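Secondary and tertiary structure notes
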Amino acid sequence: NAGVTQTPKFQVLKTGQSMTLQCAQDMNHEYMSWYRQDPGMGLRLIHYSVGAGITDQGEVPNGYNVSRSTTEDFPLRLLSAAPSQTSVYFCASSYSYRGDNEQFFGPGTRLTVL
Amino acid sequence: TQLLEQSPQFLSIQEGENLTVYCNSSSVFSSLQWYRQEPGEGPVLLVTVVTGGEVKKLKRLTFQFGDARKDSSLHITAAQPGDTGLYLCAAPYSSASKIIFGSGTRLSIRP
């Protein structure tokens, strides 16, 4: 089991560019989520999905899109990158949507927007 | 404003000392989790508490969920350098599937 994988590990973008952060899990988990982590801010929920074809907004969804066409994959798209989106992005998955399930996190993608 | 307030934000203590960190909210939660994150990695689950007043122990770590299910504490006995890391609390908010995190307590243990 690879668990939760994220690519790329590092990325530098210019303001206005778009890109997709990839996330995949091989544990057949229903629930997947994206967080961003900024210094002193903990983790903030961007978008989440309770199953294939179902997504919803988290605390800070503006500027990001997601889709969940398969159970395994949950890509995060930045539509027009801004310096405020400089952050470390974590993808996570858990067996189900229940709040008391363990979330398994990927290693993160460090994104810098110039 | 963070829904889950963690304190202190930073804590640096000597090896062997005891410490307590807190996670507080004005909201009631059905469950609460504690995660630990090491530099360059994603958070890893330590414990889940689901019942008001519940106490769980994990070796030298003791976790307590408040009676009213609005707050939680993590107590570490005889801290060791391996306890160093960022401690995060998390809880479902608004719906069971929206999991939010506190801002974390960064713990440093000096040998």
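Residues numbered from 1 in each chain as written. Chains lettered and ligands numbered in written order. Predicted model: local features only at pLDDT ≥ 70, side-chain atom pairs only at ≥ 80, totals over all residues. Heavy atoms only, no water.

1. A look at the overall build of chain A
We count it as follows: In this text, helices come from DSSP runs of H or I with a minimum length of four residues, and strands from runs of E with a minimum of two, each type numbered from the N-terminal end. The quantity called the radius of gyration is restricted to C-alpha atoms. Its globule counterpart is 2.2 Å times the number of residues to the power 0.38. Burial status follows relative accessibility: with a 1.4 Å probe on protein chains alone, a residue under 20% of its type maximum counts as buried, one over 50% as exposed, and anything between as partly exposed. Between two residues, a contact is recorded if the distance between any of their heavy atoms is within 4.5 Å. Per-residue and other accessible areas were derived by the Shrake-Rupley procedure at a 1.4 Å probe size, with only the shown protein chains allowed to occlude residues.
Tallying secondary structure elements over chain A gives zero helices and 11 strands in all. For chain A, the succession of helices and strands along the chain, N to C, is β-β-β-β-β-β-β-β-β-β-β. Expected size for 114 residues packed as a compact globule is a radius of gyration near 13 Å; at 13 Å, chain A falls within 12% of this value. Considering only C-alpha atoms, chain A reaches an extent of 35 × 30 × 25 Å along its principal axes. A burial count over chain A gives 47% of its 114 residues as buried. A separation threshold of at least 6 residues defines the contact pool for chain A, and within that pool the share at least 24 residues apart is 54%. On chain A, roughly 5,200 Å² of surface is accessible, and the fraction owed to carbon and sulfur atoms is 51%.

2. Quick look at the sheet that holds strand β1 (residues 4-7) of chain A
All names here are of chain A. The following threshold applies: Criterion used throughout: strands pair if DSSP finds at least two bridges between them. Lines fitted to C-alpha atoms define the axes, with helix axes restricted to the stretch in contact, and inter-axis angles between N-to-C directions lie between 0 and 180 degrees.
If you trace the four strands from one edge of the open sheet to the other, you get β1-β3-β8-β7, paired in antiparallel fashion. Among the strands making up the open sheet, the edge pair consists of β1 and β7 (64-66). The mean inter-strand angle of the sheet, taken between neighbouring strand axes irrespective of direction, is 20 degrees. Note that strand β3 (residues 19-25) and strand β8 (residues 76-78) share three bridges and pair antiparallel. If you follow T20 over to β8, its bridge partner there is R77.

3. Focus: the packing of aromatic side chains
Residues and elements named next belong to chain B. In plain terms, the rule: Each pair of aromatic rings taken from Phe, Tyr and Trp, with Trp reduced to its six-membered ring, is defined by centres within 6.5 Å and is described as stacked if the planes are under 30 degrees apart, edge-to-face if over 60, and tilted in the remaining cases.
Tallied over the entire structure, the rule returns eight aromatic pairs over all chains. Relative to F63, the ring of W34 lies with its centre 6.5 Å away and its plane at 45 degrees, an arrangement referred to as tilted. Of this pair, W34 sits in strand β4 (residues 32-37) while F63 sits in strand β7 (residues 61-65), placing them 29 residues apart in sequence. The exposure classification of W34 matches that of F63, with both residues buried.

4. A short note on the layout of surface pockets
In plain terms, the rule: A cavity here means a set of 1 Å grid points, computed over protein atoms only, where a 1.4 Å probe fits but cannot escape. A pocket is an open set with protein on both sides within 12 Å along at least 5 of 7 lines, and lining residues have an atom within 4 Å of a point. Grid points are joined across faces, edges and corners, and a volume is the space filled by probe spheres set on the points. Under the grouping applied here, Gly and all other residues not named as nonpolar or charged are polar, the nonpolar ones being Ala, Val, Leu, Ile, Met, Phe, Trp, Tyr, Cys and Pro and the charged ones Asp, Glu, Lys and Arg.
The calculated volume of the largest pocket comes to roughly 570 Å³. Taken together, 29 residues line the largest pocket, and the ones lying closest to its centre are A:Q37, A:V88, A:F90, A:R110 and B:Q37. Of all the secondary-structure elements, those providing two or more residues to the lining of the largest pocket are β9 (87-94) and β11 (109-113) of chain A. For the lining of the largest pocket, the element with the highest residue contribution is β11(A), accounting for four residues. Classifying every residue of the lining of the largest pocket by side-chain character gives 10 nonpolar, 13 polar and six charged.

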